[in-house]
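A structural walkthrough
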Amino acid sequence: MLDAKIPSGPLENKWTDYKGHCKLVNPANKRKLEVIIVGTGLAGASAAASLGELGYKVKAFCFQDSPRRAHSIAAQGGINAAKNYQNDGDSVFRLFYDTIKGGDYRAREGNVHRLAEVSANIIDQCVAQGVPFAREYGGLLSNRSFGGTQVQRTFYAAGQTGQQLLIGAYQALERQVALGNVKMYSRHEMLEVVMVDGKARGIIARDLISGKLERHFGHAVLLCSGGYGNVFYLSTNAMGSNVTAAWKAHKQGAAFGNPCFTQIHPTCIPVSGDHQSKLTLMSESLRNDGRIWVPKKQGDSRKPNEIPEEERDYYLERRYPAFGNLVPRDVASRAAKERCDAGYGVGTSKQAVYLDYASAIERYGRTEASKHGLEQVSIEEIITMGKEVVKEKYGNLFDMYEKITGENPYEVPMRIYPAVHYTMGGLWVDYELMTTVKGLYALGEANFSDHGANRLGASALMQGLADGYFVIPYTIGNYLADEIYNKPISTDHEAFISAEKEVSRRLEQLMNIKGTTSVETFHKRLGKIMWDKCGMARNAKGLQEAISEIQQLKKEFWKDVKIPGAIDEFNPELDKAGRVADFIELGELMCIDALNREESCGGHFREEHQTEDGEAMRHDDKFMYVAAWEYKADHEWILHKEALHYDVIKPSQRNYK
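Residues numbered from 1 in each chain as written. Predicted model: local features only at pLDDT ≥ 70, side-chain atom pairs only at ≥ 80, totals over all residues. Heavy atoms only, no water.

Concerning the domain arrangement of the chain
Structurally, the chain comprises domain 1 (264-419) and domain 2 (494-623). Distance from the C-alpha centre of domain 1 to the C-alpha centre of domain 2: 34 Å. Carbon and sulfur atoms supply 60% of the area that domain 1 and domain 2 bury against each other, a total of about 850 Å² over both sides. When the buried area of domain 1 at its contact with domain 2 is split by residue, I264, R334 and K337 rank highest and sum to 54% of it. On inspection of domain 1 and its partner domain 2, the count reaches 1 salt bridge. The salt bridge partner of E615 is R319, with a shortest N-O separation of 3.5 Å. The interface formed by domain 1 and domain 2 contains 3 residue pairs in polar contact (both at pLDDT 80 or more). Elements supplying a minimum of two residues to the side of domain 1 that touches domain 2: α10 (329-344) and β15 (414-423). Among the elements that line the side of domain 1 that touches domain 2, the one with the most residues is α10, at 4 residues. (Domains from an automatic or database assignment. Buried area = accessible area lost by both parts, 1.4 Å probe. Salt bridge = Lys/Arg side-chain N within 4 Å of Asp/Glu carboxyl O. Polar contact = N/O pair within 3.5 Å; in protein donor to acceptor, adjacent residues only side chain to side chain. Helix = DSSP H or I, 4+ residues; strand = E, 2+ residues; numbered from the N terminus.)

Brief notes about unusual backbone geometry
Phi at N84 takes a positive value of approximately 55°, unusual for a residue other than glycine. Mapped onto the elements, N84 comes out in the loop between β3 (79-80) and α4 (92-102). With a phi close to 65°, Y233 is a non-glycine residue in the positive phi region. Its location among the elements puts Y233 in the loop between β9 (220-223) and α7 (244-251). Judged by its relative accessible area of 8%, Y233 is buried. (Buried < 20%, exposed > 50% of the residue type's maximum accessible area, 1.4 Å probe, protein only.)

Looking at the pattern of salt bridges
Considering all chains together, one arrives at 58 salt bridges under this definition. Residue D289 pairs with R363 through a salt bridge whose shortest N-O separation is 2.9 Å. One end of the pair, D289, is in helix α8 (residues 286-289); the other, R363, is in helix α11 (residues 358-371), with 74 residues separating them in the sequence. Classification of R363 as partly exposed rests on a relative accessible area of 40%. A network of salt bridges, in which partner residues are shared, links D104, R106, D330, R334, R597, E599, R618, D620 and R654.

Focus on the packing of helix α5 (residues 109-128) against helix α13 (residues 460-480)
Orientation of α5 relative to α13, taken along the N-to-C sense of each, is 100°, at an axis distance of 9 Å. As far as their axial angle goes, α13 and α5 are roughly perpendicular. Touching R114, L115, V118, S119, N121, I122, Q125 and C126 of α5 are M462, Q463, L465, A466, Y469, F470, V471 and T475, all from α13. Among the residues making up the contact of α5 with α13, the classes are represented as 10 nonpolar, 5 polar and 1 charged. (Axes fitted to C-alpha atoms, helices over the stretch in contact; angles between N-to-C directions. Parallel < 35°, antiparallel > 145°, perpendicular 65-115°, else oblique. Contact = heavy atoms within 4.5 Å. Nonpolar A, V, L, I, M, F, W, Y, C, P; charged D, E, K, R; others polar.)

Quick look at the side chain of S46
By secondary structure assignment, the location of S46 is in helix α3 (residues 42-54). Engagement of the side chain of S46 in a polar contact is seen with the backbone oxygen of A43, the distance being 3.1 Å. Those residues in contact with S46 that sit more than four places away from it in its chain are G41, A169, G464, L465, G468 and Y469.

Quick word on the packing of aromatic side chains
In this structure the tally under the stated criterion is 26 aromatic pairs. With centroids separated by 5.6 Å and ring planes inclined at 80°, the aromatic side chains of F557 and W558 adopt a geometry described as edge-to-face. Aromatic rings pair up to connect Y228, W247, F256, Y631 and W637 into one cluster. We note R114 situated over the ring of W15; from NZ or CZ to the ring centre the distance is 4.9 Å. The cationic tip of R363 hangs over the ring face of Y364; the distance from NZ or CZ to the ring centre is 5.1 Å. (Phe/Tyr/Trp six-rings, centres within 6.5 Å; stacked < 30°, edge-to-face > 60°. Lys NZ or Arg CZ within 6 Å of the ring centre and 35° of its normal.)

Side note on the sheet that holds strand β13 (residues 312-313)
Ordered by their spatial adjacency, 5 strands build an open sheet running β11-β15-β14-β12-β13, and the pairing between neighbours is antiparallel. Among the strands making up the open sheet, the edge pair consists of β11 (262-268) and β13. Alignment of strand β12 (residues 291-295) against strand β14 (residues 353-356), held across 3 bridges, turns out to be antiparallel. Directly across from I292, in β14, lies its bridge partner L355. (Pairing = 2+ DSSP bridges.)

What follows is the structure, encoded as structure tokens:
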């Protein structure tokens, strides 16, 4: 069932050889071919702009009122690229190696090397579009450090890199819309993939304003709908982020890859109460200059500035001296949890650690004083100058923290704690980004392909834009070259009619439940089960309990959910109900996958499988594979395994010490 279609030959030549030998579609034939793109974040917008520029007829769908509201805007810290501007030893190979190692040797070499290769092209593309990357005094693009690496390769635009990159892709997309090459459907949600003769040939979408169902044909369908972190309810994802598009594809035959691989981000503002509907991220770039610590004394209730230096435990620097505060996200997250569970947590909840900028402010201040030739400078003046430098680099992040917490992070350390952020799992795709369904592709976070069991920081933007700008324009042609003889299928075709009827039946079933419990309540209950038993740490007993609890929750949902309003109108509660129903089914599969993978790797930490000092213990002899799950029926999946082969890198126990 699983053919990854990895090209033969040396690793560094695979992508070049593929591009040189793949099938092409001539310009006149491109104008006859229709492509549907679901989702217009970085992956979707860049793909739509690129395919429109090539001449394909593109239909792009987003459930927001504008592509500019895609969750990609929330990415703060930066985007990786192997340009070696710092002359600190970076290279395409090193980015490839860091990504494979950071993912705990659970990603494909071929895909990851291609990602590292095209990373430099992404920066050139975005600069040409006018993305305002930060620059050094001499005009060169600036770089900063990120977790999991020992070089500075992360390009950034203050703390709003995702937003600036999305604006660049959005401008390119809107140009194609204006030229008539792309037709934009905002406030539309995909609710089904239409299959004809075993190929994806279109979608059923719901106009979220009028409630009407629409049929749309495409010679190929691209899903660029993001990740599924909101299965945990509380996450750093936008509240609208969901799994529905990917899940509908999964139930039509697209295998789901590594669903249990969830990334926990170490620098999130801690939960403050039951009133919260989402969590706010503090960019990982803050670990570049900040130092993370807890008091050496358990239960220490003193204010952070009252705790002297010798009574502070800089535990990441202590445990991982080679990488210090820049260990990968999974390592930093587990270390924070361990300290808090051991009684060293801070704040009122004791579920937080400190991220301290005092030493960075002083260091920058002394550099500024030296630059200006100032020798007799008071510590107050040094700190004032240092704050200005930090403000320039991270100011909007510091402002956001102060608005949310009421505390000034220039004066007192931030309090942070890990939270669900990114999902490495997603629809299984081959080297061409095609799922197990012909003609159906998945790009960006919607697929599983590049990050293994843990994503390095600043690599999400890199993958989304790589897939959209530089990969899919080649790989989709390899498929569509054989489709030029197939005329567009009428949306009156029986496959479209039956797909629309199924969507309509499901919506009516939801509306006719007329229960007493809100959608939000069910979502919260699911989130608690998932976080408690399939979150930062998992064990067999908890996962078995979670599976039965989720199955029971599903029964209750379909008997007692309360959805006000009607189908044929603007009804956000109905939209949300459909998404939560899909999350419940996904949650069960995530727990099944986590229970099946009896090892610890990256973000998947099974308590039964750890080293003496609490590090993840892989079992390469049994689990060196991608878990690709095929849907069969309610509560029933079949596991297919794609073996992972490492020809260039030798898998070893990760060591950041």
